[in-house]
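Letter by letter, the chains look like this.
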Amino acid sequence: MKTVHTDQIRATVAALLEDACINLPADVEVALRAARECETQPRARHILEVVLENAAMARRDRVPLCQDTGVTNVFVELGAEVCIVGGLLDDAINDGIREGTRQGYLRCSIVNDPLRRVNTGDNAPGVLVVQPVAGTTLRITVCPKGAGCENMSRVSMLSPADGRDGVTQFVLDTISKGGANPCPPVMVGIGLGGDFAQAPLLAKKALLRTIGARNPDPLYAEYEMELLTAINALGLGPQALGGLTTALDVFIETAPCHIASLPVAVCLNCHATRHTTATL
Amino acid sequence: MEARPLRLPLSAADVLALRAGDACLLSGPMLTARDAAHRRLVDTLHAGRPLPVALTDATVYYTGPTPARPGMVIGAAGPTTAGRLDPYTPALLAAGARALIGKGARGPAVSAALQQCRAVYFAAIGGAGAYLRTCIRTCTVAAYADLGTEAIYCLTVVNFPVIVAHDAHGGSVYAAPAAARASS
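Residues numbered from 1 in each chain as written. Chains lettered and ligands numbered in written order. Predicted model: local features only at pLDDT ≥ 70, side-chain atom pairs only at ≥ 80, totals over all residues. Heavy atoms only, no water.

A. Examining the overall build of chain B more closely. If you tally the helices and strands in chain B, you get six helices and seven strands. Order of helices (α) and strands (β) in chain B, N terminus to C terminus: β-α-β-α-β-α-β-α-β-α-β-β-α. For 184 residues, the compact-globule estimate of 2.2 N^0.38 gives 16 Å, and chain B sits close to it at 16 Å. The principal-axis extents of the C-alpha atoms in chain B amount to approximately 45 × 40 × 25 Å. Once local pairs closer than 6 in sequence are excluded, the contacts in chain B between residues at least 24 apart make up 63%. Separation between the mean location of the 16 positive side-chain charges and that of the 10 negative ones in chain B comes to 4 Å. (Helix = DSSP H or I, 4+ residues; strand = E, 2+ residues; numbered from the N terminus. Rg over C-alpha atoms; globule rule 2.2 N^0.38 Å. Contact = heavy atoms within 4.5 Å. Lys, Arg positive; Asp, Glu negative; His and termini not counted. Charge placed at Lys NZ, Arg CZ, Asp CG, Glu CD.)

What follows is the structure, encoded as structure tokens:
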């Protein structure tokens, strides 16, 4: 049995959140550079140049990449042989969000209630997903998720008869309807299967993958590439002002589902895709 | 990209000279307002009470900045999705606002109001808050301080880059079919 104190969890979440909001992950930066080289239209190239300069300025000035430092999504892989002491896991994580928000000069973007809408003033609470795993692993991934892309994410309960074509159509509709709002070029997380609750969670988890990391199942690896090509053929481009790069990558996660269901969820992430991970 | 320098506040004549797709560099004063501030402004207008800020010829930037680090004017301050503010926009334009800045397309009611009021909607680059921050030289709270990031701030900007997204003649940079946009 491994013992982990909540103070350590709090400090880890705080550091991960600040880092995620300020430093663009290397894989995203590499993909944006490649996209800039591919774009032929001056406006699309210019936008990608500004986006890359934005990342450099954020790092230099220790300022968030985007003013929307988001809802803090926290994914925890919790080993069966890990004992958390000092308090509750979710309290420690929310305290970490508060601390990271203060230390990193992040925005307080959370309201206390969907209809009363009073800002909580400390950017908490976040959204916590705990996955039980074997052994003594305690792995924390922090993914601040902005509302521009989150608001353009969608879920649909397709019929099995809709099949792969139906899924493709839903994905392309989602990208088209989103237009400039999710800040393309986007990352596209797709959850296929499960149920009404599980599909969006799969879609969100899919966004934690590194660009270029394909689904291990060849069927879905090939489908990811097919969808990426189809999305970029829409021609929306950076900021939906025209161009070749509407999406940087597509990630599909699947789960078994009911004989009568084909749930599909599309979770979008903006070009300022942010996530950081630490293992305690 | 060739960008046209424009001094704020804009006049109706300035706005009528702009066409969707024009790249511009804005310099001068602007007010920030996003969801919560819009709600209050429009509630105030509907109640027939005076507004806490003057909207005549104002440029309204849809942003909710991150807090400034010590020694900085402001934190990251890029545009938020403009479509969310569509329900409030005709009222703000009728109250005198001349230019709006956000990201993403607007609905037909906003496009009609822009034409009627001889106003313009600019798009700034979404997700470039650290970059756009460097164009902002002053930042003071103008109203609704209790709203925090959603308060109305008065900013002074220098060479703030935007594209005319919806012009005062019904033109939209987002309106062209996807295939045409990709090949243009």
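B. Examining the overall build of chain A more closely. The helix and strand tally for chain A stands at eight helices and ten strands. Taking 2.2 N^0.38 as the reference for a compact globule, 280 residues should give roughly 19 Å; the C-alpha atoms of chain A span a radius of gyration of 19 Å, in line with that estimate. Viewed in the frame of its principal axes, chain A has a C-alpha envelope of about 55 × 50 × 40 Å. Put simply, 81% of the contacts in chain A that link residues at least 6 apart link residues at least 24 apart. Total accessible area on chain A is roughly 11,100 Å²; 57% of this is exposed by carbon and sulfur atoms. Distance between charge centres in chain A, computed from 24 positive and 30 negative side chains, equals 4 Å. (Areas by Shrake-Rupley, 256 points an atom, 1.4 Å probe, with all protein chains shown as cover.)

C. Structural detail: the nonpolar core. Grouped together as the largest cluster of nonpolar side chains are 119 residues, with contacts concentrated most on Val188 of chain A together with Leu26, Phe122 and Phe160 of chain B. Tallying contributions element by element places strand β7 (residues 152–166) of chain B first for this core, with nine residues. Leu16, Leu17, Val76 and Ala92 of chain A belong to the second-largest nonpolar core, a separate cluster that totals 19 residues. (Core = buried A, V, L, I, M, F, W, Y, C linked by side-chain atoms within 4.5 Å. Buried < 20%, exposed > 50% of the residue type's maximum accessible area, 1.4 Å probe, protein only.)

D. The domain arrangement of chain A, seen in detail. All names here are of chain A. Once the domains are mapped, chain A shows domain 1 (2–20 + 65–145) and domain 2 (148–272). One C-alpha centre belongs to domain 1, the other to domain 2; they are set 26 Å apart. Counting from both sides, the interface comprises nine residues of domain 1 and, opposite them, 13 residues of domain 2. Carbon and sulfur atoms make up 70% of the surface buried where domain 1 meets domain 2, a total of about 770 Å² over both sides. (Domains from an automatic or database assignment. Buried area = accessible area lost by both parts, 1.4 Å probe.)

E. The interface of chain A and chain B, seen in detail. Every contact between the two is made by 41 residues of chain A and, on the other side, 42 residues of chain B. Taken together, the two surfaces of chain A and chain B that pack against each other cover about 3,200 Å², and 60% of this comes from carbon and sulfur. Looking at the side of chain A facing chain B, the largest losses of area belong to Gln67, Tyr105 and Arg107 of chain A, adding up to 22% of the total buried there. The tally of links from chain A across to chain B stands at two salt bridges. In this structure, Glu18 of chain A engages Arg69 of chain B in a salt bridge whose closest nitrogen and oxygen atoms are separated by 3.5 Å. (Salt bridge = Lys/Arg side-chain N within 4 Å of Asp/Glu carboxyl O.)

F. Helix α6 (residues 163–178) of chain A, seen in detail. Residue and element names in this part refer to chain A. Taking 1.5 Å of rise per residue, 16 residues should cover 22 Å, and α6 covers 23 Å from first to last C-alpha, within 8% of that figure. Residues of α6 that are buried include every one of Gly166, Val167, Thr168, Phe170, Val171, Leu172, Thr174, Ile175 and Gly178, and no others. Those residues of α6 that are buried lie in contact with β6 (154–158), β7 (186–194), α8 (218–232) and β9 (262–269). Following α6 by one or two positions, Gly179 has its phi on the positive side, about 50°. (Expected span 1.5 Å × (residues − 1).)

G. The packing of aromatic side chains, seen in detail. Residues and elements named next belong to chain B. This structure, assessed with the given rule, holds one aromatic pair over all chains. With centroids separated by 5.1 Å and ring planes inclined at 70°, the aromatic side chains of Tyr61 and Phe160 adopt a geometry described as edge-to-face. With Tyr61 in strand β3 (residues 59–61) and Phe160 in strand β7, the pair connects residues that are 99 residues apart, well separated along the chain. Under the relative-accessibility criterion, Tyr61 is labelled buried at 0%. (Phe/Tyr/Trp six-rings, centres within 6.5 Å; stacked < 30°, edge-to-face > 60°.)

H. Broad picture of the packing of helix α1 (residues 6–22) of chain A against helix α4 (residues 89–103) of chain A. Residue and element names in this part refer to chain A. At a minimum axis separation of 7 Å, α1 and α4 run at an interaxial angle of 40°. Looking at the two axes, α1 sits oblique to α4. As for how α1 packs across α4, the hand of that crossing is right-handed. In this structure, α1 uses Thr6, Ile9, Arg10, Ala11, Val13, Ala14, Leu17 and Glu18 to contact α4, whose residues at the interface are Leu89, Ala92, Ile93, Asp95, Gly96, Ile97, Glu99, Gly100, Thr101 and Gln103. A breakdown of the residues in the contact of α1 with α4 according to their chemical character gives nine nonpolar, five polar and four charged. (Axes fitted to C-alpha atoms, helices over the stretch in contact; angles between N-to-C directions. Parallel < 35°, antiparallel > 145°, perpendicular 65-115°, else oblique. Left-handed = near helix turned anticlockwise from the far one by under 90°. Nonpolar A, V, L, I, M, F, W, Y, C, P; charged D, E, K, R; others polar.)

I. Main features of the pattern of salt bridges. Residues and elements named next belong to chain A. According to the stated counting rule, one finds 30 salt bridges over all chains in the structure shown. In this structure, the salt-bridge partner of Arg36 is Glu37, at a minimum N-O distance of 3.1 Å. Put simply, Arg98 and Asp95 hold a salt bridge, and the shortest N to O gap is 2.9 Å. Placement of the pair is Arg98 and Asp95 together in helix α4, with a separation of three residues, close to one helical turn.

J. Representation of the sheet that holds strand β8 (residues 247–257) of chain A within the structure. All names here are of chain A. Strand order in the open sheet made by the four strands is β6-β9-β7-β8, with mixed pairing throughout. Unpaired on one side and paired on the other, β6 and β8 mark the two borders of the sheet. The sheet shows a mean angle of 15° between the axes of neighbouring strands, direction not considered. The pairing of β7 with β8 spans nine bridges and is classified as parallel. Across the sheet, the residue bridging to Val186 is Ala247, located in β8. Across the sheet, α6 is in contact with β6, β7 and β9; its angle to β9 comes to roughly 30°. Where helix α7 (residues 198–206) meets the sheet, it contacts β6, β7, β8 and β9, and its direction lies at approximately 145° from that of β7. (Pairing = 2+ DSSP bridges.)

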